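Here is how the chains run, residue by residue.
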Amino acid sequence: MLQLHRVFCATPWELEGERRRFTELIGEFNETRALPHQVLFVPVSLINIGDKRPVQYVIDENIEACRHYLLVLTDSWGPEQRNFRKDYLLALQCQADPKLPMAEVCVLHKRFPSEPALPEGFPTPDGEFSTMDQFVEQVTAFLERSLAALTAK
């Protein structure tokens, strides 16, 4: 029986390339690694939503229904219209609630050469990247960990 596991990927506007690559990576990973174990990861992300506030309730419902939450940050939580701070906090609450499927919350930070360290109050990233190849490595490692946890049960 195929197990479906939703993965929410939160990205700011300037990381649309990474969001798209995330979706492609999920498909590739499913095909080569997850499906032989009867696991299917389903990507969830914001597509063409400039202002997420009018649909925040639906976003919250999606986060609550996901097994994994991947937050990809640059140097801020995002503008008011597309800010992910409360979404991240909700994902942590979901992870702490045994009645919900959230098993892992992961933060990746895109570091630009001229950028100082993350601002105070940001979560410590689980990984950093500067290039798309490094992003692919980080997401693949995240998916490998997730699959290993699922298949160990």
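For the structure itself, look to the data block above.
In this report, we go over the structure that sits alongside the text. (Residues numbered from 1 in each chain as written. Predicted model: local features only at pLDDT ≥ 70, side-chain atom pairs only at ≥ 80, totals over all residues. Heavy atoms only, no water.)

## Focus: the packing of aromatic side chains
Given two aromatic rings, their pairing is described by the distance between the two centres and the angle made by the two planes. Put simply, the rule is: Pairing of aromatic side chains here covers Phe, Tyr and the six-membered ring of Trp, requires ring centres within 6.5 Å, and sorts the geometry by plane angle: under 30 degrees stacked, over 60 edge-to-face, intermediate tilted. Runs of E in the DSSP output that reach at least two residues are strands. Runs of H or I that reach at least four are helices, and both are numbered from the N terminus. Exposure is judged per residue with a 1.4 Å probe applied to protein chains only, and the accessible area is read against the type maximum: over 50% gives exposed, under 20% gives buried, and values in between give partly exposed. Counted as over-ring charges are cases with an Arg CZ or a Lys NZ within 6 Å of the ring centre that also lie within 35 degrees of the ring normal.
Across all of its chains, the model carries five aromatic pairs by this definition. Judged by centre distance (5.5 Å) and plane angle (20°), the ring pair of Phe 8 and Tyr 69 falls under stacked. Here the residue Phe 8 occupies a position in strand S1 (residues 3-10), and Tyr 69 occupies one in strand S3 (residues 68-73), the gap between them amounting to 61 residues. Across this residue pair, the class does not change: Phe 8 and Tyr 69 are buried. Ring-pair connections join several aromatic residues into one group, and the members of that group are Trp 77, Tyr 88 and Phe 122. The side chain of Lys 52 reaches across the aromatic face of Phe 84, ending 5.4 Å from its centre.

## Considering the nonpolar core
The cut-off we apply is this: Put simply, a nonpolar core is a bunch of buried Ala, Val, Leu, Ile, Met, Phe, Trp, Tyr and Cys residues held in one set by side-chain atoms that sit within 4.5 Å of each other.
Phe 22, Phe 41, Leu 70 and Val 139 are the most contacted members of the largest nonpolar core, which totals 22 residues. For this core, the secondary-structure elements that each account for two or more residues are S1, helix H1 (16-34), strand S2 (39-45), S3, strand S4 (104-110) and helix H4 (132-151). Counting 20 residues, the second-largest nonpolar core is a separate cluster that includes Phe 8, Tyr 69, Trp 77 and Val 107.

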